[in-house]
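# Coordinate inspection notes
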Amino acid sequence: MKKRTILLGIFAALVTLSAVDGAVALWSRGETIGDPVDLSTVSKIRVNGAASMVNISTSKDKPFTAQLIGRRDGWGALWHSGWSARDCPQTGTIKVDGDTLVVETSSLSRFFDWSDCTIELSANARPGSAVIIRQQAARMTLSGDYSTVQVNADAGDFALDGHADTLDVAGADLRARAVFETVLNSESINFSGRMMDASLH
């Protein structure tokens with residue numbers, strides 16, 4: 001009887017955890033921060049701040065736009081409502097300054113904050129654009145053709161699939177991967193860091 005009770009208790013716990021996990025996933029779909037930004041006149045993207053997810057492409061077949069999304073994906077996201085005065089979208093800003101898209105992110109450093117906010121930048125820029133990322137931690141995925149890609153991050157993951165005339169990636173605990181679809185033999189490529197795991201293809 002005791003064995004059966006223990007097994008039923010374990011099964012009930014697993015079902016509860018699965019339900020909560022599913023609810024958190026549903027809740028963490030994110031909310032947009034402002035309207036999509038037009039990048040038709042933008043030639044440079046600059047990302048600064050604490051941490052974010054960065055996804056940038058240079059497809060000619062898609063609109064040149066950028067969108068910032070605030071996403072809560074901690075365990076406390078389900079109950080994060082009236083007790084917090086700071087919303088997820090308040091941790092990031094996006095604007096165009098001349099020919100540059102400027103994205104600023106900040107961290108939520110509240111004690112016992114279980115509902116961590118992840119800022120995600122999704123952008124499709126003009127081919128040949130420059131990308132400059134200065135983050136404490138980031139997950140960066142770039143595809144397409146760029147004039148310059150400069151990354152300085154303490155920790156995170158960086159991936160480039162496409163081409164960059166200049167690629168400069170620096171960081172401490174950083175995993176970097178670059179796959180060049182074309183090689184012109186005029187590229188400038190530099191990887192530097194104390195604990196970097198880098199690969200170039």
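None of these values were measured; they are calculated from a predicted model. (Residues numbered from 1 in each chain as written. Predicted model: local features only at pLDDT ≥ 70, side-chain atom pairs only at ≥ 80, totals over all residues. Heavy atoms only, no water.)

## Let's talk about the overall build of the chain
The number of helices and strands found in the chain is one helix and ten strands. Counting across all 201 residues of the chain, residues that qualify as buried make up 39%. Look at the contacts in the chain between residues 6 or more apart in sequence, and 55% of them connect residues 24 or more apart. Just so you have it, the chain exposes about 11400 Å², and 55% of that area is on carbon and sulfur atoms. (Helix = DSSP H or I, 4+ residues; strand = E, 2+ residues; numbered from the N terminus. Buried < 20%, exposed > 50% of the residue type's maximum accessible area, 1.4 Å probe, protein only. Contact = heavy atoms within 4.5 Å. Areas by Shrake-Rupley, 256 points an atom, 1.4 Å probe, with all protein chains shown as cover.)

## Overview of the nonpolar core
Ranked by internal contacts, the top residues of the largest apolar core, which has 37 residues, are Leu121, Met140 and Phe158. Going through the elements one at a time, strand S3 (44–57), strand S4 (65–72), strand S6 (100–105), strand S7 (117–124) and strand S8 (129–180) are the ones with two or more residues in this core. Sequence-distant contacts of Leu121, that is, excluding residues within four places in its chain, are made with Ile45, Val47, Met53, Val54, Asn55, Ala66, Gln67, Leu68, Ile94 and Val103. (Core = buried A, V, L, I, M, F, W, Y, C linked by side-chain atoms within 4.5 Å.)

## Concerning the pattern of salt bridges
Within this structure, the stated rule accounts for two salt bridges. For the salt bridge of Asp157 with Arg175, the shortest nitrogen-to-oxygen distance reads 2.6 Å. For Arg177, the salt bridge identified is with Asp161, shortest N-O distance 3.2 Å. In this structure Asp161 comes out as partly exposed when scored by relative accessible area, which is 26%. (Salt bridge = Lys/Arg side-chain N within 4 Å of Asp/Glu carboxyl O.)

## Describing the environment of Asp38
Tracing the chain through its elements places Asp38 in strand S2 (residues 37–38). Residue Asp38 is classed as partly exposed on the basis of its relative accessible area, which comes to 48%. Spatially, the C-alpha atom of Asp38 lies 4.7 Å from that of Thr65, the residues being 27 residues apart in sequence. Look past the residues within four positions of Asp38 in its chain and what remains in contact with it is Phe64 and Val96. In this structure the side chain of Asp38 is engaged in a polar contact, spanning 2.9 Å, whose partner is the side chain of Ser40. (Polar contact = N/O pair within 3.5 Å; in protein donor to acceptor, adjacent residues only side chain to side chain.)

## Considerations on the side chain of Ser52
Note on placement: Ser52 falls in strand S3. A residue is classified by how much of its surface remains accessible, and Ser52, at 8% relative accessible area, is buried. With residues near it in sequence (within four places) discarded, Ser52 still touches Val47, Thr105, Ile119, Gln135, Ala137, Ala138 and Arg139.

## A closer look at the confidence of the model for the chain
The share of residues in the chain with pLDDT of 70 or more is 71%, and the mean pLDDT across the chain is 80. Low pLDDT (under 50) marks residues 12–28, which in the prediction has 14 contacts with non-local residues, meaning those over four places away or in another chain. Here residues 75–86 scores under 50 on pLDDT; set against residues more than four positions off or in separate chains, the count is 26 contacts. (pLDDT = per-residue confidence, 0-100.)

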